[in-house]
Amino acid sequence: MKKNVYTTVILAVFGICLCIGCAQNTAGDETGVTGSAVSGGAAGNITESAVSGTAVTDTIKEAEPWKDSGEEKEEKYFFANKTNVYLEPEHDYDEPTEIVQYTKSGKKQKTYKFKNCYGLLAVTEEGLYYTRGKEDEPIELCRVPIRKNADGTDQLRVEQTEVILTEDGGIQTDDGGYVDENYIAYITYAGYVIKYNRKTRKKIKLYTDSNSNNNCIVTTGPEYLIIASMHGGYYRLDLDDSEEMVRFAGCEDPDTDTLAAGGNYFFYTSEEGGIWVYDGKTKEVRELLSEEQIEDAIDRMPVPDNPYKIISTEKTVTDNHIADLFYQEGRLYIQFQAEWTEGEKIWTQYVLLSVDMSVPDVAWIAPCYEKTLTDLLREGTDDRTFKVDEFIEWMEETDFDEDGYAWNPSRIVDIKEGKAILSLYQKDEKYQRLACCDLEGKHFSEIKRGEGAEYMSLYYNKKLPFGENDWQLKDDEMNWVPEYLADS
């Protein structure tokens, strides 16, 4: 869950501190991808003091500011191309779906009302793909050709709409599908994965290990797609004529909030609490960070001031959860909900670490502390005191001191195109604020609801309520309830 607060201070990143010790991690091969957990994990990469439970005194190294390489990057998105973004307004189930065309800067261009439209599947430079149908009839996947206007934006040639294929099993559009000049991939209503060869017109029907119909295409790589299957894990679907999918190790029940992809990499979290990475070049999967290494890194982070303003050296990290993963050109960002205790007081907030993936031929790289981004989430925000009866309505009584727990729900909601989108908490406001900061920490600005390129970037890959109904601006809770409350 997310929350927002506006801040006007950007702190420069200073200082060099000691780094976490590193050790070699063993990569898995292709058989490791399809089988059980890859052997040779990273559990041995913790310092002796951390393993034995004694105090760790040295501090994690601060991350260097991210720098744009200047290379032109072609990103693929489900609902946006180079110039435009396409949104679906909320509507009743029995009403046709409308598709609204915006420029990437947020200017509304046109609303399209396609007859019997079920939903938008994908957008490319050459076409918009949507589904249509009637009750008890196969679903049609339609293509609307795109030509470019003089200003470079899209012009949809609705009169040239063509049917690309029909699907008896229906086509899910909530999470989008994949389209390029050679292949189309989508999920049926029953959860089957369909790969369609546009040249041979051959369909390949693929299955996951789960009987759930809750499968979706979560991200795309240079030559593959990633499929998430509830209770079935993650799968790699190669964009070729192969008639199978390869299942990744380490994750049985995927959390689609804690994954990231970019370049040749795909990152995901495991049930054991670690972070795994798939390298599209080598087709190897391995554990990038173990749960122990992550806990060690959190323990070494500078402890933030608590909301009670108590001065003490007895501050202890009691819990942490990975809330989000983001990837940006050579760097993996890891956002945690971390919890600290000091005496009888407890507080929690979001903090960020990062891993430099640009270092060649290194099996394991120690994570660093993203001080600038973490400070932005903390500086100038209002701490909120946890009220038990607000969050756990069914609890009739508790011994918990409701003034003894506080949290700051400000967090990073997305990192894209060299910028971080921040959801910043503001106390007692119906709508919270979004803000944008470049990853080099030089520019910070507020984002107005429903306006601007940074706001529109939130919709490239997700169908979310837009503008006034934006969920990003309403929720103010944390991802996890403390265990001692949940167990009460």
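Everything that follows concerns the structure shown earlier in this document.
Here we summarise the structure given alongside this text. (Residues numbered from 1 in each chain as written. Predicted model: local features only at pLDDT ≥ 70, side-chain atom pairs only at ≥ 80, totals over all residues. Heavy atoms only, no water.)

## With respect to the pairing of strand 17 (residues 259-262)
As judged from the 4 bridges shared by strand 17 and strand 18 (residues 265-269), these two strands associate in the antiparallel manner. Looking at the pairing, Gly262 lines up with Tyr265 of strand 18. The hairpin turn running from strand 17 into strand 18, its antiparallel successor, is 2 residues long, and Gly263 in that turn takes a positive phi close to 60°. (Pairing = 2+ DSSP bridges. Helix = DSSP H or I, 4+ residues; strand = E, 2+ residues; numbered from the N terminus.)

## A closer look at the sheet that holds strand 9 (residues 178-179)
Pairing in this open sheet of 4 strands is antiparallel, and the strands run 9-10-11-12 from one edge to the other. With partners counted over all chains shown, the strands left at the sheet margins are strand 9 and strand 12 (202-206), one partner each.

## Things to note about helix 4 (residues 371-378)
By the criterion of burial, helix 4 is predominantly enclosed, with 6 of the 8 residues buried. Where helix 4 is concerned, the buried positions are Thr372, Leu373, Thr374, Asp375, Leu376 and Leu377. (Buried < 20%, exposed > 50% of the residue type's maximum accessible area, 1.4 Å probe, protein only.)

## Remarks on a negative patch on the surface
On the surface, Asp253, Asp255, Asp257, Glu271, Glu272, Glu291, Glu292, Glu295 and Asp299 cluster together into a patch of negative charge. Tracing the sequence through the fold places Glu272 in the loop between strand 18 and strand 19 (275-279). (Patch = residues over 30% accessible without salt bridge, like charges linked within 9 Å, V, L, I, M, F, W, Y side chains within 5 Å. Areas by Shrake-Rupley, 256 points an atom, 1.4 Å probe, with all protein chains shown as cover. Salt bridge = Lys/Arg side-chain N within 4 Å of Asp/Glu carboxyl O. Lys, Arg positive; Asp, Glu negative; His and termini not counted. Charge placed at Lys NZ, Arg CZ, Asp CG, Glu CD.)

## Examining unusual backbone geometry
Of note, the phi angle at Arg201 is positive, near 60°, even though the residue is not glycine. One can find Arg201 in the loop between strand 11 (193-197) and strand 12. In this structure Arg201 comes out as exposed when scored by relative accessible area, which is 67%.

## Some points on the pattern of salt bridges
Counted under the stated rule, the structure contains 18 salt bridges. Ionic pairing is found between Asp296 and Arg300, a salt bridge with its closest N-O pair at 3.1 Å. Each member of the pair, Asp296 together with Arg300, is buried. The network of salt bridges with common partners includes Glu125, Lys148 and Asp154.

## Here we look at the environment of Thr348
Along the chain, Thr348 turns up in strand 23 (residues 345-356). For Thr348, a relative accessible area of 1% translates into the label buried. Separated by 12 residues in sequence, Thr348 and Phe336 have C-alpha atoms that sit 10.0 Å apart.

## Some words on the sheet that holds strand 27 (residues 411-416)
If you walk across this open sheet you meet the 4 strands as 27-28-29-30, and the pairing is antiparallel. Strand pairing shows two members of the sheet lacking a second neighbour, strand 27 and strand 30 (444-447), which therefore form its edges. Strand-to-strand, the axes of this sheet are offset by a mean angle of 25°, without reference to chain direction. When strand 28 (residues 419-424) meets strand 29 (residues 433-438), the two strands line up antiparallel, connected through 6 bridges. (Axes fitted to C-alpha atoms, helices over the stretch in contact; angles between N-to-C directions.)

## Examining the environment of Leu422
Its place among the elements puts Leu422 in strand 28. Classification of Leu422 by relative accessible area gives buried; the value is 0%. Placed 14 residues apart in sequence, Leu422 and Cys436 show a C-alpha to C-alpha distance of 6.0 Å. Setting aside residues no more than four positions away along its own chain, Leu422 makes contact with Leu376, Leu377, Arg411, Ile412, Arg433, Leu434, Ala435, Cys437 and Phe444. (Contact = heavy atoms within 4.5 Å.)

## Here we look at the pairing of strand 19
Counting buried positions along strand 19 gives 5 out of 5 residues, so the element sits mostly inside the fold. The side-chain alternation of strand 19 yields two buried faces, one formed by Ile275, Val277 and Asp279 and the other by Trp276 and Tyr278. Two strands pair when backbone bridges link them, and strand 18 and strand 19 are joined in this way by 5 bridges, in the antiparallel orientation. What sits directly across from Phe266, in strand 19, is Tyr278. Counting the residues between successive antiparallel strands, the hairpin from strand 18 to strand 19 contains 5 residues, one of them, Gly273, with a positive phi of roughly 100°. Sheet topology places strand 19 next to strand 20 (residues 284-289); 5 bridges connect them, and they run antiparallel. Directly across from Asp279, in strand 20, lies its bridge partner Glu284. Where strand 19 folds back on strand 20, the antiparallel hairpin that results is connected by 4 residues, among which Lys283 adopts a positive phi of roughly 55°.

## Let's talk about the nonpolar core
Side chains of nonpolar character tend, in soluble globular proteins, to be buried together. Ranked by size, the top nonpolar core spans 29 residues in total, and within it Tyr86, Ile99, Phe114, Leu128, Tyr130, Leu156 and Leu237 carry the most contacts. Taken together, the elements giving at least two residues each to this core come down to strand 4 (117-123), strand 5 (127-132), strand 6 (139-148), strand 10 (183-187), strand 12, strand 14 (224-229) and strand 15 (233-238). When residues no more than four places from it in sequence are discounted, the contact partners of Ile99 are Tyr86, Leu87, Lys110, Thr111, Tyr112, Phe114, Cys117, Leu120, Leu128 and Tyr130. By size, the runner-up hydrophobic cluster in this structure holds 27 residues, among which are Val277, Leu288, Ala338 and Met357. (Core = buried A, V, L, I, M, F, W, Y, C linked by side-chain atoms within 4.5 Å.)

## So, the environment of Gly133
Mapped onto the secondary structure, Gly133 falls in the loop between strand 5 and strand 6. Relative accessible area serves as the criterion here: at 12%, Gly133 is assigned to the buried category. Considered as a pair, Gly133 and Tyr118 are 15 residues apart in the sequence and their alpha carbons are 7.0 Å apart.

## Section: the packing of aromatic side chains
Under the defined criterion, the tally for this structure stands at 17 aromatic pairs. Among the aromatic residues, ring-to-ring pairing joins Tyr224, Tyr234, Phe248, Phe266, Tyr268, Trp276 and Tyr278 into one connected group. Over the ring of Tyr192 we find Lys205, and its NZ or CZ is 4.2 Å from the ring centre. Over the face of the ring belonging to Tyr350 we find Arg411, whose NZ or CZ atom lies 4.5 Å from the ring centre. (Phe/Tyr/Trp six-rings, centres within 6.5 Å; stacked < 30°, edge-to-face > 60°. Lys NZ or Arg CZ within 6 Å of the ring centre and 35° of its normal.)

## Looking at the state of the cysteines
Following the criterion strictly, the structure yields 0 disulfides and no others. With no disulfide of its own, Cys117 lies closest to Cys142 among cysteine sulfurs, the gap being 8.6 Å. For Cys117, a relative accessible area of 3% translates into the label buried. (Disulfide = S-S within 2.5 Å.)

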